[in-house]
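Below are the chains, spelled out letter by letter.
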Amino acid sequence: HKPDNESFHNKMKNVSIKCLDMSAAYFAEPLQVKLAKSPLRRIILPSDTCRYEINLEDAFESSEELKEVKNLDKLYFITNLNSTFHRCRKLISVTLPDTSMRIDSLSGTFFLCDSLKKVNNFDKIENIRYMSYTFNGCESLESISFSTRMDSSVYLNDYTFCDCEKLTDIKNLD
């Protein structure tokens, strides 16, 4: 019996995938993650991509059900974090790599992440120049630490920490 592709796709419209496990995936070239507007709640990234450049611009944007991204701390050559978690309203914490990262712009990275309480290893990011809307709307964020080697000419605007109602501790930002 030959499968009916149209019937299969109609049945799949109502399937809700809650977790995407890419931990065993292998990528032979620079990786660009694009899972924006995903209904996923949990994403497990490959843990063996440390030798490749990884562009996470808009990667999980508007994935409003997303609560967890595993292995993000294993991605050592992140080149772009613009709008990466923009509007991931249920995201509670993020752990970035624990090695130095040189990222020029973090515009909108955590914009409207209402539930975000903690960003681990944020202080490992160096050479930040632009932080427009980076933490705007992060109502649950309580503290953030910047690198002591951060560029003193970083561009912050009125919206960088706008509506961060619980933010009481900002370290190393002179």
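Residues numbered from 1 in each chain as written. Predicted model: local features only at pLDDT ≥ 70, side-chain atom pairs only at ≥ 80, totals over all residues. Heavy atoms only, no water.

Peer 1: Is there a simple way to explain unusual backbone geometry in this structure?
Peer 2: Backbone phi values are negative for most residues with the exception of glycine, while trans is the configuration of most peptide bonds. Here Ser62, not a glycine, exhibits a phi torsion of approximately 60°, which is positive. With respect to the helices, strands and loops of the structure, Ser62 is situated in the loop between strand S4 (53-55) and strand S5 (68-70). Its identity is not glycine, yet Arg87 carries a phi of approximately 65°, on the positive side. The residue Arg87 is located in the loop between strand S6 (77-80) and strand S7 (93-95) in this model. For Arg87, a relative accessible area of 28% puts it in the partly exposed group. (Helix = DSSP H or I, 4+ residues; strand = E, 2+ residues; numbered from the N terminus. Buried < 20%, exposed > 50% of the residue type's maximum accessible area, 1.4 Å probe, protein only.)

Peer 1: What is the right way to look at the environment of Thr109 in this model?
Peer 2: Relative to the elements of secondary structure, Thr109 occurs in the loop between strand S8 (101-102) and strand S9 (118-120). The buried category is assigned to Thr109, whose relative accessible area is 1%. Between the C-alpha atom of Thr109 and that of Thr84, which follows or precedes it by 25 residues, the distance is 5.1 Å. With residues near it in sequence (within four places) discarded, Thr109 still touches Leu81, Asn82, Ser83, Thr84, Phe85, His86 and Thr134. Reaching out from Thr109, the side chain makes a polar contact with the backbone oxygen of Leu106 at a distance of 2.9 Å. (Contact = heavy atoms within 4.5 Å. Polar contact = N/O pair within 3.5 Å; in protein donor to acceptor, adjacent residues only side chain to side chain.)

Peer 1: How should I be thinking about the confidence of the model for the protein in this particular structure?
Peer 2: Should pLDDT be low for a region, the predicted coordinates there are not to be read in detail. Averaged over all residues, the pLDDT of the protein equals 82, while 79% of them reach at least 70. Here residues 8-15 is a poorly scored stretch, pLDDT under 50, and it has zero contacts once near neighbours within four places are set aside; other chains count. (pLDDT = per-residue confidence, 0-100.)

Peer 1: What is the right way to read the pattern of salt bridges from this model?
Peer 2: Pairing of side chains with opposite charge becomes possible as their charged atoms draw close. Under the counting rule described, the total for this entry stands at seven salt bridges. Residue Glu65 is joined to Lys90 by a salt bridge in which the shortest nitrogen-to-oxygen separation is 2.8 Å. Of this pair, Glu65 sits in the loop between S4 and S5 while Lys90 is found in the loop between S6 and S7, placing the two residues 25 residues apart along the sequence. For Glu65, a relative accessible area of 29% puts it in the partly exposed group. One salt bridge connects Arg89 with Asp114, and the closest N-O pair in it is separated by 2.9 Å. (Salt bridge = Lys/Arg side-chain N within 4 Å of Asp/Glu carboxyl O.)

Peer 1: Would you mind showing me how to read the sheet that holds S5 here?
Peer 2: Strand pairing in a sheet is mediated by backbone hydrogen bonds. Such pairs are either parallel or antiparallel. Taken in spatial order, the three strands of this open sheet run S1-S3-S5, and their pairing is parallel. Of all the strands in the sheet, just strand S1 (19-21) and S5 have a single pairing partner and so form its edges. Sheet twist, expressed as the mean angle between neighbouring strand axes with direction ignored, is 5°. (Pairing = 2+ DSSP bridges. Axes fitted to C-alpha atoms, helices over the stretch in contact; angles between N-to-C directions.)

Peer 1: Before we go on, may I ask you to explain the state of the cysteines in this structure?
Peer 2: Covalent bonding between the sulfur atoms of two cysteines is what defines a disulfide. Following the criterion strictly, the structure yields zero disulfides and no others. Unpaired in this structure, Cys88 has its nearest cysteine sulfur neighbour in Cys113, at a distance of 5.3 Å. (Disulfide = S-S within 2.5 Å.)

Peer 1: Please clarify how the nonpolar core should be interpreted in this entry.
Peer 2: In globular proteins that are soluble, nonpolar side chains generally tend to be buried together. Core analysis: the biggest nonpolar cluster contains 38 residues, and Leu72, Phe85, Phe122 and Phe135 have the highest contact counts within it. Not counting residues up to four positions away in its chain, the partners in contact with Phe85 are Phe60, Val69, Leu72, Leu91, Val94, Thr109, Phe110, Phe111 and Cys113. (Core = buried A, V, L, I, M, F, W, Y, C linked by side-chain atoms within 4.5 Å.)

Peer 1: Please clarify how the side chain of Ser147 should be interpreted in this entry.
Peer 2: Looking at the element boundaries, Ser147 is found in the loop between strand S11 (143-145) and strand S12 (169-171). Setting aside anything within four residues of it in sequence, one finds Ser147 in contact with Asp123, Ile125, Glu126 and Asn172.

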